[in-house]
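One letter stands for each residue in the lines below.
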Amino acid sequence: MAFCIAVIGKDNAPLYLTTSDMEQELDLQYHVNAALDVVEEKCLIGKGSPESKELYLGLLYSTENHKIYGFVTNTRVKFIVVIDSSNVALRENEVRAIFRNLHLLYTDAICNPFYIPGESLTSKKFDRAVQKLMSGTA
C-alpha cells in the first residue's frame, strides 16, 4: 500500500522514517525531503497552519512512480506518506484514514513517560504498528 512513512519534527528533523523497499530507501528519503518544502509552502499560505482546523494537506506532489501526501499536527509535526502511483484504487478518504491512524499511533508513542520530546521514535510497538499500516492490514 504505502512505500514510505515519515514523521518529521517541528524543526524538520526526522523522528521516524521507514520504507517497504530498502533498495529504494535513498530515493524515497529524497522524496520526503522534497515534500517538506511543499509542506512549508502550504503552511505559509495558511492551509496547514496550526491555527487551521484542517490538518490534512492532501497530495503534495506526484512523480512518475510515487504520490506524496502530507499531514501537519497542531504541534507542527509533519507526517509524509509516499504511495505507489499505479495504485489507482486508493481513494482520498483512505489516505485520510492512514493519516488518522498514524496520528493516533504517534500520540500513543509520545505519551510514553520514557520518551524524550524531539528524540527519534524507537518504540518497537510503534514500528510494528506502522509496518502493519504500510501493508494495509491495520
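In the nomenclature of an unreviewed UniProt entry, the chain is known as Trafficking protein particle complex subunit 2-like protein of Drosophila simulans. Turning to the chain, the UniProt record has this under Sequence similarities (unreviewed entry): "Belongs to the TRAPP small subunits family. Sedlin subfamily." The chain has a UniProt comment under Subcellular location (unreviewed entry) that states "Cytoplasm, Perinuclear region".

A word on the pairing of strand β1 (residues 2-8)
Of all seven residues in β1, six are buried; the element is thus mostly enclosed. As paired elements, β1 and strand β5 (residues 78-84) share six bridges and run antiparallel to each other. Directly across from Ala 6, in β5, lies its bridge partner Ile 80. Hairpin connection from β1 to strand β2 (residues 14-19): five residues lie between these consecutive antiparallel strands, with Asn 12 at a positive phi of about 65°.

Details of a positive patch on the surface
A grouping of Lys 124, Lys 125, Arg 128 and Lys 132 is seen on the molecular surface, where their side chains present a positively charged patch. Considering the arrangement of structural elements, one finds Arg 128 in helix α3 (residues 124-135). A relative accessible area of 54% means that Arg 128 is categorised as exposed.

Points about the pattern of salt bridges
As enumerated under the stated definition, the model contains three salt bridges in all. A salt bridge links Arg 76 to Glu 40; the nearest nitrogen and oxygen atoms lie 3.9 Å apart. You can see Arg 76 sitting in the loop between β4 (66-72) and β5 and its partner Glu 40 sitting in helix α1 (residues 25-45), a full 36 residues away along the chain. Judged by its relative accessible area of 26%, Arg 76 is partly exposed. Among the salt bridges present, the one from Arg 91 reaches Glu 94, with a minimum N-O distance of 3.8 Å. A relative accessible area of 48% places Arg 91 in the partly exposed class. Given a relative accessible area of 27%, Glu 94 falls into the partly exposed group.

As for the packing of aromatic side chains
If you walk through the whole model with that rule in mind, you get five aromatic pairs. Look at Phe 71 and Phe 99: their rings are 5.5 Å apart centre to centre, the planes differ by 10°, and that puts the pair in the stacked class. With Phe 71 in strand β4 and Phe 99 in helix α2 (residues 92-110), this pair connects stretches of sequence that are 28 residues apart. The same class applies to Phe 71 as to Phe 99, namely buried. Aromatic pair Phe 79 and Tyr 106: ring centres 5.5 Å apart, planes at 75°, arrangement edge-to-face. Here the residue Phe 79 occupies a position in strand β5, and Tyr 106 occupies one in helix α2, the gap between them amounting to 27 residues. The residues Phe 79 and Tyr 106 share a single accessibility class, namely buried. Within the aromatic cluster, the residues linked to one another by ring pairs are Tyr 56, Phe 71, Phe 79, Phe 99 and Tyr 106.

Digging into the packing of α2 against α3
Contact pair α2 / α3: the axes reach a minimum separation of 10 Å and the direction vectors enclose 175°. On the basis of their axis angle, the class for α2 and α3 is roughly antiparallel. Together, Ile 98, Asn 101, Leu 102, Leu 105, Tyr 106 and Ala 109 of α2 and Phe 126, Ala 129, Val 130 and Leu 133 of α3 make up the contact between the two elements. Of the residues that constitute the contact of α2 with α3, the class distribution is nine nonpolar, one polar and no charged.

Criteria and thresholds
- Residue positions are given per chain, counted from 1 along the sequence in the order it is written.
- Per-residue local features are limited, in this predicted model, to residues with pLDDT of at least 70; the limit for side-chain atom pairs, both in listing and counting, is 80 or more; totals at the level of whole chains, interfaces and linings are taken over all residues.
- Remark: hydrogens and water are excluded; side-chain values derive from all non-hydrogen atoms of the structure.
- UniProt positions are given in the numbering used here, feature names are shortened, and annotations may be inferred rather than shown by experiment.
- When accessible area is computed with a 1.4 Å probe and restricted to protein chains, residues below 20% of their type maximum are described as buried, those above 50% as exposed, and intermediate ones as partly exposed.
- A helix here means a DSSP run of H or I that spans at least four residues, while a strand means a run of E at least two residues long, and both kinds are numbered starting from the N terminus.
- Only when DSSP finds a minimum of two bridges between them are two strands counted as paired.
- Here, patches come from residues exposed beyond 30% relative accessible area and free of salt bridges, joined within 9 Å for like charges and within 5 Å for nonpolar side chains (Val, Leu, Ile, Met, Phe, Trp, Tyr).
- Working definition of accessibility: Shrake-Rupley area with a 1.4 Å probe, residue cover restricted to the visible protein chains.
- The term salt bridge refers to a pairing of a side-chain nitrogen on Lys or Arg with a carboxyl oxygen on Asp or Glu at a separation within 4 Å.
- We score Asp and Glu as negative and Lys and Arg as positive, and we do not count His or the chain ends.
- Charge positions come from single atoms, namely NZ of Lys, CZ of Arg, CG of Asp or CD of Glu.
- Only centres within 6.5 Å qualify two rings of Phe, Tyr or Trp (six-membered ring in Trp) as a pair; their planes then separate them into stacked at under 30 degrees, edge-to-face at over 60, and tilted for everything else.
- Axes here refer to lines fitted to C-alpha atoms; in helices the fit is confined to the stretch in contact. Angles between the N-to-C directions go from 0 to 180 degrees.
- Here the angle decides the label: under 35 degrees means roughly parallel, over 145 means roughly antiparallel, 65 to 115 means roughly perpendicular, and every other value means oblique.
- Whether two residues are in contact is decided by their heavy atoms, any of which lying within 4.5 Å being enough.
- In this count, Pro and Cys sit with the nonpolar residues alongside Ala, Val, Leu, Ile, Met, Phe, Trp and Tyr, while Asp, Glu, Lys and Arg are called charged and the others, Gly among them, polar.

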